[in-house]
Amino acid sequence: MLILILASMLITPPEEPPNIVFIMSDDHAWQAISAYGSDRNVTPNIDRIAQDGITFDRYYVENSICAPSRAAILTGVFSEHHGVPTNREVFDGTQETFPVVARASGYQTALVGKWHLKSEPVGFDHYERLVGQGNYYGPRMIRNGVEVLHEGYTTDVITDLALEWLETERDESKPFVLMVQHKAPHREWMPGPDHLHDMEGVDLPEPPTLFDDYSGRGRASTMQEMTIKDHLRPMDLKLAMPEWMMRMTPEERAAWDKAYEPRNEAFRALDLAGADLIRWKYQRYAKDYLRCIASVDDSVGRILDSLESLGLDENTIVIYTSDQGWYLGEHGWYDKRWMYEESFRTPFLLRWPGVVAPGRRTELLSQNIDLAPTFLEVVGAEIPDRMQGRSLLPILESVDDAQVEDIGWRDALYYRYYESLGPHKVPKHEGVRTRRYKLMVFPELDEVELYDLKVDPDELHSLADDPGSAVVRERLEALLVELRAKYDVSEDW
Ligand code: CA
């Protein structure tokens, strides 16, 4: 009997390696996902991932802007090392990325959608990427080096192309990594035909900090140019619509005009000013943003359904994330860049039946540099020494955070934003975040901000000059020096 049991243990066939479907949108605020407690929209399909899998409540980026974050996800290293600290640099595709390494270890790799790294994608058996930022309608794409012009709404086109590859084009004999990367809900927030009339006649709740005057912070918050009040353009508000943005079919254009012309007429009749005008702009901008997200959520649903109908749902890891967080009116802003929670913190949800406990949530500190090492550990490849992130597998395999803490987890994150002279005039800064505190350093201003996130989660009152917080400040400043050394980032930049 014993021999039989031992024999059966020995001849257990190796488990089939899991597939990975990585769905990433662009600029999706965690505040705009119902699994994260949104008070302004529902995302039933993204929530399916949360119900079946794990929701990361403290997942952050290393640099809250598009191209740097994409490069960090691919390479697992900080901006200074992946060479894309701002949106201006060209990504060096000869670097070790997780698709390159996964492919070398037998995985089939595909990418569909936004790439935004200036060089052509490397490490993919198949790719079809948007040209630059991409249009919301009628996207121009590059399919394995050849230009293709599509008709239709870009979120739907990307989903169609991803499903086409998944259902009919891939090599079924190999496990795969499929990256589906949406343009939405990036500026200028153009909704798709299916959601043009969502939330009509509804007043969205305003964030409590919509009229923030930044009096409890340092000078940095007063220098930016990203307010709903002053910096949204007519195009952002759909009060103007240049033809180059459109690339719509006549039917799509007619549906668009039917939605916006009566709204714009009503707006002009109101003749708003002051706080009322800010409120109107907030409603207009936030609704269009959320309508774009509704199409992204539909896309997630279609992908989950397709995996199920192909019988792949049990052995496929599905991720939903964004390239960084976003201000949906908090502090009077749109856009990202800051180390403040709304844009530093980023949605990250993962489904992996049989491994991840359904409905699990984690508050352990994780960061976008962790994704490449995680995916490589999952596919059974060696994690290159260069990668600075840490595999999240212990979190995925545990039933609660206490179990992971027993083996030791990080207690602080490092952040650096470089693009000082870029759009929106956010001064460059770096910082550390522990579970409770956040220190931000603005070298050009010679200023420091310090927040106790436990008592001040909206970061309205900096404690940098509070005598009672001097010890905490000193400890965090020492931690900043320590993390700079750990991640080999320069003191001056
Ligand atoms: Ca982005």
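To be clear, the structure that these remarks concern was listed above.
Parameters at a glance
- Residues numbered from 1 in each chain as written.
- Predicted model: local features only at pLDDT ≥ 70, side-chain atom pairs only at ≥ 80, totals over all residues.
- Heavy atoms only, no water.
- Helix = DSSP H or I, 4+ residues; strand = E, 2+ residues; numbered from the N terminus.
- Rg over C-alpha atoms; globule rule 2.2 N^0.38 Å.
- Buried < 20%, exposed > 50% of the residue type's maximum accessible area, 1.4 Å probe, protein only.
- Contact = heavy atoms within 4.5 Å.
- Areas by Shrake-Rupley, 256 points an atom, 1.4 Å probe, with all protein chains shown as cover.
- Lys, Arg positive; Asp, Glu negative; His and termini not counted.
- Charge placed at Lys NZ, Arg CZ, Asp CG, Glu CD.
- Pairing = 2+ DSSP bridges.
- Polar contact = N/O pair within 3.5 Å; in protein donor to acceptor, adjacent residues only side chain to side chain.
- Axes fitted to C-alpha atoms, helices over the stretch in contact; angles between N-to-C directions.
- Salt bridge = Lys/Arg side-chain N within 4 Å of Asp/Glu carboxyl O.
- Donors = N, O, S within 2.8 Å, 3.2 Å for Na, K, Ca; no water.
- Phe/Tyr/Trp six-rings, centres within 6.5 Å; stacked < 30°, edge-to-face > 60°.
- Lys NZ or Arg CZ within 6 Å of the ring centre and 35° of its normal.

Student: Mind showing me how you'd approach the overall build of the chain here?
Tutor: For the chain, the helix and strand inventory stands at 15 helices and 16 strands. The C-alpha radius of gyration computed for the chain amounts to 23 Å, which stays within 12% of the reference 23 Å derived for 493 residues, consistent with globular compactness. The principal-axis extents of the C-alpha atoms in the chain amount to approximately 85 × 65 × 40 Å. Evaluated residue by residue, the chain yields a buried proportion of 61% over its 493 residues. If you take every contact in the chain between residues at least 6 apart in sequence, the share linking residues at least 24 apart comes to 70%. Approximately 19500 Å² of the chain is accessible, and the part contributed by carbon and sulfur atoms is 53%. Averaged over its 52 positive side-chain charges, the chain has a centre that lies 3 Å from the centre of its 85 negative ones.

Student: Help me understand the pairing of strand β10 (residues 348–351) in this model?
Tutor: Remember that side chains alternate between the two faces of the sheet whenever the strand is regular. Because side chains alternate across β10, one face comprises the buried residues Phe 348 and Leu 350, and the other comprises Leu 349 and Arg 351, equally buried. Pairing geometry for strand β2 (residues 54–56) and β10, over two bridges, is antiparallel. Each residue of the ladder has a partner; that of Thr 55, found in β10, is Leu 349.

Student: Whenever I open this one, the side chain of Lys 438 confuses me. Can you help?
Tutor: Counting through the fold element by element, Lys 438 comes out in strand β15 (residues 437–442). Given the relative accessible area of 0%, Lys 438 is considered buried. Polar contacts involving the side chain of Lys 438 include one to the side chain of Glu 459, which spans 2.6 Å.

Student: Please clarify how the sheet that holds strand β6 (residues 140–143) should be interpreted in this entry.
Tutor: Where strands meet in a sheet, backbone hydrogen bonds hold them as pairs that are either parallel or antiparallel. Ordered in space as β7-β6-β5-β4-β8-β1-β9-β10-β2-β11, the ten strands form an open sheet in which the pairing is mixed. Strands with a single pairing partner mark the edges of an open sheet, and in this sheet they are β7 (146–149) and β11 (360–362). Put simply, the sheet's adjacent strands are angled 15° from each other on average, direction ignored. Here strand β1 (residues 19–25) pairs with strand β9 (residues 316–322) via seven bridges, running parallel. When the bridges of β9 are listed, Ile 20 appears paired with Ile 317. In the packing of helix α2 (residues 44–52) onto the sheet, contacts are made with β2, β9 and β10, and the angle to β10 comes to roughly 65°. Contacting β4 (108–113), β5 (126–130), β6 and β8 (176–181), helix α6 (residues 154–169) runs over the sheet at an angle of about 170° to β8.

Student: Explain the pattern of salt bridges here, please?
Tutor: Two side chains bearing opposite charge may form a pair once their charged atoms approach each other closely. Under the defined criterion, the tally for this structure stands at 41 salt bridges. We note a salt bridge from Asp 305 to Arg 48, for which the minimum N-O separation is 2.9 Å. Of this pair, Asp 305 sits in helix α10 (residues 274–309) while Arg 48 sits in helix α2, placing them 257 residues apart in sequence. Judged by its relative accessible area of 43%, Asp 305 falls in the partly exposed class. Asp 288 is paired through a salt bridge with Arg 291; the nearest N and O atoms lie 2.8 Å apart. Here Arg 291 and Asp 288 lie together in helix α10, a separation of three residues that amounts to about one turn. Salt bridges sharing partners connect three or more residues here, namely Asp 27, Asp 335, Lys 336, Arg 337 and Glu 419.

Student: Just checking my understanding: could you explain the coordination of the calcium ion for this structure?
Tutor: Note on metal geometry: ideal angles are 109.5 degrees for four donors arranged tetrahedrally and 90 or 180 degrees for six donors arranged octahedrally. Protein-derived ligands of the calcium ion are Asp 26 (OD), Asp 27 (OD), Cys 66 (SG), Asp 323 (OD), Asp 323 (OD) and Gln 324 (OE1), with the metal-ligand distances lying across 2.2 to 2.6 Å. Counting the intervening residues between successive donors of the calcium ion yields the motif D-D-x38-C-x256-D-Q. Placement of Cys 66 in helix α3 (residues 66–75) and of Asp 323 in the loop between β9 and α11 (341–344) is noted, with a sequence separation of 257 residues between them. On the basis of relative accessible area, Cys 66 is assigned to the buried category, the value being 1%. Look at Asp 323 and you get buried, because its relative accessible area is 0%.

Student: Looking at this structure, I do not really get the sheet that holds strand β13 (residues 412–417). What am I missing?
Tutor: Strand order in the open sheet made by the four strands is β13-β14-β15-β16, with antiparallel pairing throughout. Looking at the sheet topology across the chains shown, the edges are occupied by β13 and β16 (447–452). Adjacent strand axes in the sheet meet at a mean angle of 15° when their direction is disregarded. Here β15 runs beside β16; their pairing, made up of six bridges, is antiparallel. Each residue of the ladder has a partner; that of Phe 442, found in β16, is Glu 447. Contacts from helix α15 (residues 470–486) reach β13, β14 (429–434), β15 and β16 within the one sheet, and its direction differs from that of β14 by about 110°.

Student: Before we go on, may I ask you to explain the packing of aromatic side chains in this structure?
Tutor: Within the structure shown, the criterion is met by 29 aromatic pairs. With a centroid separation of 6.2 Å and 90° between ring planes, the pair formed by Tyr 137 and Trp 256 is classed as edge-to-face. Taken together, the residues span a long stretch of sequence, with Tyr 137 in the loop between β5 and β6 and Trp 256 in helix α9 (residues 250–270) at a distance of 119 residues. Each member of the pair, Tyr 137 together with Trp 256, is buried. Ring pairs connect the aromatic residues Tyr 214, Tyr 327, Trp 333, Trp 338, Tyr 340, Phe 442 and Tyr 451, which therefore count as one cluster. Above the face of the Trp 493 ring, Lys 428 is positioned so that its terminal group lies 4.9 Å from the ring centre.

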